[in-house]
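What follows is each chain in one-letter form.
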Amino acid sequence: MGVGVSGIAAVTILVSDLARSTLWYRDVLGLTVIREFAVDGALWGVVLLDTDANFVFVLQDKGTAPGVQDLRGTRPVVLAAPSHASVENTAERLRDMALSPRGPVTDPDGTFVDVTDPDGIILRFRHVPDDVSLGFQGVSYSADGSVVGTYDSPRLQTPPRDGS
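Residues numbered from 1 in each chain as written. Predicted model: local features only at pLDDT ≥ 70, side-chain atom pairs only at ≥ 80, totals over all residues. Heavy atoms only, no water.

K.L.:
Lay out the overall build of the protein with the relevant residues and their values.
P.N.:
Broken down by element type, the protein carries two helices and 10 strands. Traced from its N-terminal end to its C-terminal end, the protein shows the element sequence β-α-β-β-β-β-α-β-β-β-β-β. Overall size of the protein, expressed as C-alpha extent along the three principal axes, is 55 × 45 × 30 Å. Each of the 164 residues in the protein was classed as buried or not, and the buried ones make up 34%. Here the analysis covers contacts within the protein between residues at least 6 apart in sequence; of these, 48% occur between residues at least 24 apart. Of the roughly 10500 Å² of accessible surface on the protein, 52% is carried by carbon and sulfur atoms. Mean positive and mean negative side-chain charge positions of the protein (13 and 21 charges, respectively) differ by 3 Å. (Helix = DSSP H or I, 4+ residues; strand = E, 2+ residues; numbered from the N terminus. Buried < 20%, exposed > 50% of the residue type's maximum accessible area, 1.4 Å probe, protein only. Contact = heavy atoms within 4.5 Å. Areas by Shrake-Rupley, 256 points an atom, 1.4 Å probe, with all protein chains shown as cover. Lys, Arg positive; Asp, Glu negative; His and termini not counted. Charge placed at Lys NZ, Arg CZ, Asp CG, Glu CD.)

If you want it as structure tokens, here you go:
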């Protein structure tokens, strides 16, 4: 059961060099710069629009967000790919751009390719086939990201919802 959300409207990523990251996201994802934000005259953010999927990436200078931890090596953004072939095409396009993507990789949820942005943040493109089960399944990975096994019972113990 959801809460009435129909999709993602925006993703915000904190970056160390606003100009460099704007060019990277614009070129890698084919986005259009539609807004800039300044606080007290200092540029602190840029909004880039994906005209096909109708959502935006907000790039914010991480110097404007005190106390934020480094996000290198994390994947705060996973973009849906319409097919396995589109993941393969994305991987090839990224290789053609000399960006050294990881993948395509196939795991229990489908196929993905990862690419790292200028701040070391991983952007993932993932295709999930229609026949993937949405029931619980734990997936174990090795340090290099390879699937090493699955398990059936949750390890994270949480109390039941009220009224359940």
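K.L.:
Please give an account of the layout of surface pockets that cites residues and values.
P.N.:
Any space left empty among the atoms is revealed by the rolling of a water-sized probe across them. Considered as a void within the structure, the largest pocket measures approximately 570 Å³ in volume. Lining the largest pocket are 24 residues; nearest its centre among them are Asp 50, Ala 53, Phe 55, Leu 79 and Ala 80. The set of elements that each furnish at least two residues to the lining of the largest pocket consists of α1 (18–29), β4 (55–61), β5 (77–80) and α2 (84–96). Partitioned by chemical class, the residues of the lining of the largest pocket number 16 nonpolar, five polar and three charged. (1 Å grid on protein atoms, 1.4 Å probe; cavity = no way out; pocket = protein on both sides within 12 Å on 5 of 7 lines; lining within 4 Å. Points joined across faces, edges and corners; volume = space filled by probe spheres on them. Nonpolar A, V, L, I, M, F, W, Y, C, P; charged D, E, K, R; others polar.)

K.L.:
Which residues make up the sheet that holds β5, and what values do they have?
P.N.:
A sheet is described by the order of its strands in space; here four strands give the open sequence β5-β8-β7-β6, paired in mixed fashion. In this open sheet, the two strands that pair with only one neighbour each are β5 and β6 (102–107). Across the sheet, the mean angle separating the axes of adjacent strands is 25 degrees when strand polarity is ignored. Here β5 runs beside strand β8 (residues 122–127); their pairing, made up of four bridges, is parallel. Residue Val 77 lies in a different strand from β8, and its bridge partner there is Leu 123. With respect to the sheet, α1 is in contact with β5, β7 (110–116) and β8, its orientation differing from that of β8 by roughly 15 degrees. On the sheet, α2 packs against β6, β7 and β8 and is oriented at approximately 20 degrees with respect to β7. (Pairing = 2+ DSSP bridges. Axes fitted to C-alpha atoms, helices over the stretch in contact; angles between N-to-C directions.)

K.L.:
Tell me about empty space enclosed by the protein, and please be specific about residues and values.
P.N.:
Taken as a whole and judged by the stated rule, the model has one cavity of 30 Å³ or more. Roughly 50 Å³ of volume is contained in the largest cavity. Leu 14, Lys 62, Gln 69, Asp 70, Leu 71, Arg 72, Asp 119 and Ile 121 are the residues that line the largest cavity. Taken together, the residues of the lining of the largest cavity sort by class into three nonpolar, one polar and four charged.

K.L.:
Give a detailed account of the pattern of salt bridges, specifying residues and quantitative values.
P.N.:
Evaluation of the coordinates by the stated rule reveals six salt bridges. Asp 27 is the salt-bridge partner of Arg 26, the closest N and O atoms lying 2.8 Å from each other. Across the pair Asp 107 and Arg 126 runs a salt bridge whose closest N-O atoms are separated by 2.8 Å. With Asp 107 in strand β6 and Arg 126 in strand β8, this pair connects stretches of sequence that are 19 residues apart. Look at Asp 107 and you get buried, because its relative accessible area is 8%. According to the relative accessible area criterion, Arg 126 is buried, its value standing at 12%. It is possible to trace a salt-bridge network through shared partners that takes in Arg 75, Arg 102, Asp 114 and Arg 124. (Salt bridge = Lys/Arg side-chain N within 4 Å of Asp/Glu carboxyl O.)

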